[in-house]
Amino acid sequence: MSTTSQSEGALETRGLEPVPDSERTARTRELFPTWVAANISVLLLTMGASLVVTYKLNFWQAIVVATAAPLVSYGLVGLISIAGKRGGAPGMALSRAVFGQRGNLLPGALIWVARWGWETINAVTGAYAMLTVLDILLGVKSNTFLIIVTLLVFVVTTFAISGLGIHVVQKCNKYATYLFGAFSVLVLVYLVMNTDWSAVFDRPAGKMSLMVAGTGLIAAGGVSWIPSAPDFTRYLPRTASSKAMVASSVGGAGIVVLPMVLMGAVMAVSTPDLASAADPVSFLGEILPLWIAVPYLLIALVGMVLINSMSMYSAGFTAQTLGFKIPRHWAVSVNAVISLAFGGVLMLVAKSFMGSFIAFLSLLAVAFSAWVGVFGADMLRRTEYDAKALLDTTPTSAYWYTGGFSPAAVAAWAVGLGSGLLFTTSDWFTGPLAANNPVGEYGLGWVATIVVSGLLYVVLPKPAVPAPAGADEADEERAPLAV
């Protein structure tokens, strides 16, 4: 991906500072493999199985869920990514313009902590994939030492790729897309030829409420990417097509999410234990023949490395916005160490991976949605960002507002977050309004969060949008803004 004047594949040294126009040479079509790679995870198979086993949905309902989830979540990813081309900076840096230099620390800290959990889940899944391959090929059984080693290998590899920057991440995404697509076709063909389709199609339909809740379950992964969306579009020129950005986001995610969720739903008919397996990977060695299972697991492992690399890449920016005075690639190391520690606890101590995963997704969606509602509403009135003010964290910044806070944004975010939690149900936390009303019963706490925070921000009095003082001294003549 030709995103800067540096040679492709070189270490990216740019941090929070907006990318100057002279270096913004990326193309919208390069977003497609980005969001394909962001979804190459066997966890989608397990979630597809949960739709059938836990939510009691039939095959046709699973199709609707697997279509609607990426359309909604990655539609939001695409829309928020437009801010990246407008401001040329990472999402959590642009967020300073909305919440204020100090106010941004509140949603920033919550999103950063939530990323610890997401990266831990991915690291654990990757380690399980390596353990499964070792078991299938060499007969080596899992033990404490091997768990630690595989987890360490996964996290170190993730750190290396994400630390190198967007050039390496995007290049890896491109090749992983081709490989994963080819082997997914093989898996689909095998399932078509070896599945009892009468058992699949004869299942009765489930409740509409569980269908909507299942959509939220699948969509939660996409929602977690929304604050990071501008990170991957900041190298696009200001004239890039917004429609193409949204289409590439939805298309890249949908082409992976739909078939993988359906494959999981089909597999669960003959293997219902898939939805509650002790680990989310080993079942592939039992369902698929070795000549498919091993390469498919290895490719999925690469995908999970890339997912975590993308997450850590964005987490590095988030850490910098929180005040870590270190280069982005070193900020990434903080998340690497945390995911290694938490991953060890999840693999060695936790009793139920899927229970922990689904509970985490329920809370993750609400945590990210509060920011989405406020930031998205702000994009309706703000079409450009002051580059100097974004980096100025002192009272002289145009984004200092009242004591470093934008009262409207912070209040809307807090109220939206609290409202969403009231309607949320999980193994870890259940809100007082999680039952006896449509929002709670349909699992729409995260939607309520977006709506409440967004509408409240719109109606509250807000600071005036300051006129940009100039995007970059190196680019005196700015191109006209493309909305």
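Residues numbered from 1 in each chain as written. Predicted model: local features only at pLDDT ≥ 70, side-chain atom pairs only at ≥ 80, totals over all residues. Heavy atoms only, no water.

A.B. asks: Give me the nonpolar core: which residues, what numbers.
C.D. replies: One finds Trp35, Trp225, Leu284, Trp371, Phe375 and Tyr385 to be the most contacted residues of the largest nonpolar core, which totals 138 residues. If you look at the next biggest cluster of nonpolar residues, it comprises 5 residues, including Trp112, Trp116, Ala315 and Ile338. (Core = buried A, V, L, I, M, F, W, Y, C linked by side-chain atoms within 4.5 Å. Buried < 20%, exposed > 50% of the residue type's maximum accessible area, 1.4 Å probe, protein only.)

A.B. asks: Outline the packing of helix H6 (residues 105-138) against helix H17 (residues 407-422), supporting the account with residue identities and numerical values.
C.D. replies: Where H6 contacts H17, the axes come no closer than 10 Å and their chain directions differ by 40°. Between H6 and H17, the angle is such that the two are oblique. Along the contact surface, H6 presents Leu106, Pro107 and Leu110, while H17 presents Val410, Trp413 and Leu417. Considering only residue class, the contact of H6 with H17 consists of 6 nonpolar, no polar and no charged. (Axes fitted to C-alpha atoms, helices over the stretch in contact; angles between N-to-C directions. Helix = DSSP H or I, 4+ residues; strand = E, 2+ residues; numbered from the N terminus. Parallel < 35°, antiparallel > 145°, perpendicular 65-115°, else oblique. Contact = heavy atoms within 4.5 Å. Nonpolar A, V, L, I, M, F, W, Y, C, P; charged D, E, K, R; others polar.)

A.B. asks: If you had to explain the packing of aromatic side chains to someone new, which residues and values would you point to?
C.D. replies: With the rule as written, the count across this model stands at 10 aromatic pairs. Taken together, a centroid distance of 5.4 Å and an interplanar angle of 80° make the contact between Phe59 and Trp60 edge-to-face. Take Phe59: its relative accessible area is 12%, and that puts it in the buried class. Relative to Trp197, the ring of Phe59 has its centre 6.3 Å away and its plane inclined at 85°; by these criteria the two rings are edge-to-face. Here Phe59 is found in helix H3 (residues 59-87), whereas its partner Trp197 is found in helix H9 (residues 197-201), with 138 residues between them in sequence. The rings of Trp35, Tyr74, Trp225 and Phe232 are connected pair by pair, giving a single aromatic cluster. (Phe/Tyr/Trp six-rings, centres within 6.5 Å; stacked < 30°, edge-to-face > 60°.)

A.B. asks: Talk me through the pattern of salt bridges; I want residue IDs and the actual numbers.
C.D. replies: What the rule picks out here adds up to 5 salt bridges. Its salt-bridge partner being Asp21, residue Arg24 comes within 3.8 Å of it at the nearest N-O pair. Overall, Arg24 belongs to the buried group, its relative accessible area being 4%. With its nearest N and O atoms 3.0 Å apart, the salt bridge here joins Lys141 to Asp135. On the basis of relative accessible area, Lys141 is assigned to the exposed category, the value being 55%. (Salt bridge = Lys/Arg side-chain N within 4 Å of Asp/Glu carboxyl O.)

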